[in-house]
Amino acid sequence: MAKRDYYEVLGVAREASREEIKKAYRRLAVQYHPDRNPGDTEAEESFKEATEAYEVLADEKKRQTYNQLGFAGLDGSGGHDFSSVFRDFEDIFGGFDFSGFFDSFLGGRTRRSSRGGSRRGADLRYDLAIGFLDAAFGRKEEISFTRHETCEACRGTGADKGTGKSVCPHCRGSGQVRRSSGFFSIATTCDQCGGAGEVIEHPCAVCGGRGLVQKARKLKITIPAGIESGKRISIPGQGDGGTVGGPAGDLYVYVAVQPHEFFERNGNDAYCAVPISISQAALGAELLVRTLEESRQARLRIPPGTQHGKVFRLKGEGIPLLHSPEQRGDLYVKILVQVPTRLSAKAKSLLAQLAEVNGEEASPHPMRLSELH
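Since the structure is predicted, the reported quantities are computational estimates derived from the model, not experimental observations.

Draft legend 1. Molecular detail of the packing of aromatic side chains. Across all of its chains, the model carries six aromatic pairs by this definition. Ring centres of Tyr66 and Phe71 lie 5.4 Å apart, and the angle between their planes is 65°; on these two criteria the pair is classed as edge-to-face. Under the relative-accessibility criterion, Phe71 is labelled partly exposed at 27%. Seen from their ring centres, Tyr271 and Tyr332 are 5.1 Å apart, and the 15° between their planes marks the pair as stacked. With Tyr271 in strand β11 (residues 269–277) and Tyr332 in strand β17 (residues 331–338), this residue pair connects regions lying 61 residues apart in the sequence. Three or more aromatic residues joined by ring pairs make a cluster, and in this case those are Tyr6, Tyr7, Tyr66 and Phe71. In this arrangement the basic side chain of Arg125 is found over the ring face of Tyr254, its NZ or CZ atom lying 3.8 Å from the centre. Above the plane of the ring of Phe312 lies Lys310, whose end atom (NZ or CZ) is 5.9 Å from the centre.

Next up, the structure:
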């Protein structure tokens, strides 16, 4: 079977940089790795083909020879030396999360750990629903949650009192075991000790060898004024405890703001709607409008001839800015002119007189669309 052009194999241009060649190979190696495609001989051949192409194009001398003479220039060179690929392995895949990659085909046995070293505790998430006005002006809130804390019985070691840990017999203390896979010899986390390099022969009776126990906690937090739905509050050190003296993780409180009966929010501006009568719209009026501060009202002057849907702005009556509560957005008030559905005989007579005075037509002409704006 005829060989394909190496540039075609990697999907790069002939003038591609070494970095571009490296990225192209990384993508293909991940896609066609034999352990990700067990039993797929076509994928294995594609993997070998990509590795061979990289081995040539990543070497400046070999690439120059290949560019000038093609495959013929590489004949008699003693075959392909894949040691260059091995040397570049960490560099090629340095930006790739191999823990997740190998998990996909090693059954989730890989876990990054440092032998006998301390580990930071996991971060925790807490979802908190708050009222619209609480989000606007802030408040104190007490939350209850559970977290893992250092076991006091074994002081986080996981071993029963008076005992300790011994070297893992499976990995002999290295925390890793090696296995051959295609061209590579892959080191994976020891599934006997979890990568610690040590095993506990007599686990702590309280924590079962974990070094952590679960406890319920209550915590008072401050909800800052102006916070929006979806934002989070970070509380350092209130997550799960670390192991072997490692620091605790953080607690993240995610805020969900509940809708309000009268107000809506857009950024730091608030919006509401106020109904008025036909006579107020026609003659004008001065209204007392409810603000976000429920105990206070703001005066709003409605000029004569105000139309349905007209929006007025009350400056500085909106939502406080997050971390700058002395500054506030505006409150926008939309006017809804309400047409009465039930009229007394006197009201009907007065409206009929008004219609006659205004010369209202029974068949009005359509309004130009430009006049609606």
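Draft legend 2. View of a nonpolar patch on the surface. Together, Leu343, Leu351 and Leu354 give the surface a local cluster of nonpolar side chains, amounting to about 230 Å² of exposed area. As for its placement among the helices and strands, Leu351 is situated in helix α9 (residues 345–358). Among the residues examined, Leu351 registers a relative accessible area of 38% and is labelled partly exposed.

Draft legend 3. Structural context of the sheet that holds strand β14 (residues 311–314). Strand order in this open sheet of four strands is β10-β11-β17-β14, and the pairing throughout is mixed. At either margin of the open sheet sits one strand with a lone partner, and together these are β10 (264–266) and β14. Strand-to-strand, the axes of this sheet are offset by a mean angle of 35°, without reference to chain direction. Pairing of β11 with β17 involves eight bridges; the strand directions are parallel. Residue Tyr271 lies in a different strand from β17, and its bridge partner there is Tyr332.

Draft legend 4. Up close: the confidence of the model for the protein. With 82% of its residues at a pLDDT of at least 70, the protein reaches an overall mean of 83. When the elements of the protein are averaged for pLDDT, helix α6 (residues 98–106) gives the smallest value, 41, and β14 the largest, 97. Every residue in residues 95–115 is under pLDDT 50, and counting partners more than four places away or in other chains gives 42 contacts.

Draft legend 5. Just the nonpolar core, in detail. The biggest cluster of nonpolar side chains holds 22 residues, and the ones touching the most others in it are Ile276, Leu292, Leu300, Ile302, Leu331, Val333 and Ile335. Elements represented by at least two residues in this core include exactly α7 (132–137), β11, β12 (285–290), β13 (297–302), β14 and β17. Each residue touching Val333, except ones within four places of it in the same chain, is listed here: Cys272, Val274, Val289, Leu300, Lys310, Val311, Phe312 and Leu314.

Rules used in this analysis
Position numbers for residues start from 1 in each chain and track the written sequence from start to end. The predicted origin of the model limits local features to residues at a pLDDT of at least 70 and limits the giving and counting of side-chain atom pairs to 80 or more, whereas totals for whole chains, interfaces and linings rest on all residues. Only hydrogens and water are set aside when side-chain values are computed; all heavy atoms of the structure are taken into account. Aromatic contacts are taken between Phe, Tyr and Trp rings whose centres are within 6.5 Å, Trp giving its six-membered ring; a plane angle under 30 degrees counts as stacked, one over 60 as edge-to-face, and the others as tilted. Burial classification: accessible surface area is computed with a 1.4 Å probe over protein chains only, and a residue below 20% of its type maximum counts as buried, one above 50% as exposed, and the rest as partly exposed. The helix count covers DSSP runs of H or I at least four residues long, the strand count covers runs of E at least two residues long, and both are numbered beginning at the N terminus. Geometrically, a charge over a ring is one whose NZ (Lys) or CZ (Arg) sits within 6 Å of the ring centre while staying within 35 degrees of the ring normal. Grouping into patches uses exposed residues only, defined as over 30% relative accessible area, and leaves out salt-bridged ones; the cut-off is 9 Å for like charges and 5 Å for nonpolar side chains (Val, Leu, Ile, Met, Phe, Trp, Tyr). Each accessible area is a Shrake-Rupley result for a 1.4 Å probe, and residues are judged covered by the shown protein chains and nothing else. Salt bridges are defined as contacts in which a side-chain nitrogen from Lys or Arg sits within 4 Å of a carboxyl oxygen from Asp or Glu. Strands qualify as paired when DSSP identifies two bridges or more between them. Axes here refer to lines fitted to C-alpha atoms; in helices the fit is confined to the stretch in contact. Angles between the N-to-C directions go from 0 to 180 degrees. What pLDDT expresses is the predictor's confidence in each residue, scored from 0 to 100. The contact criterion used is simple: two residues touch if any of their non-hydrogen atoms lie within 4.5 Å. In plain words, nonpolar cores are sets of buried Ala, Val, Leu, Ile, Met, Phe, Trp, Tyr and Cys residues tied together by side-chain atoms within 4.5 Å.

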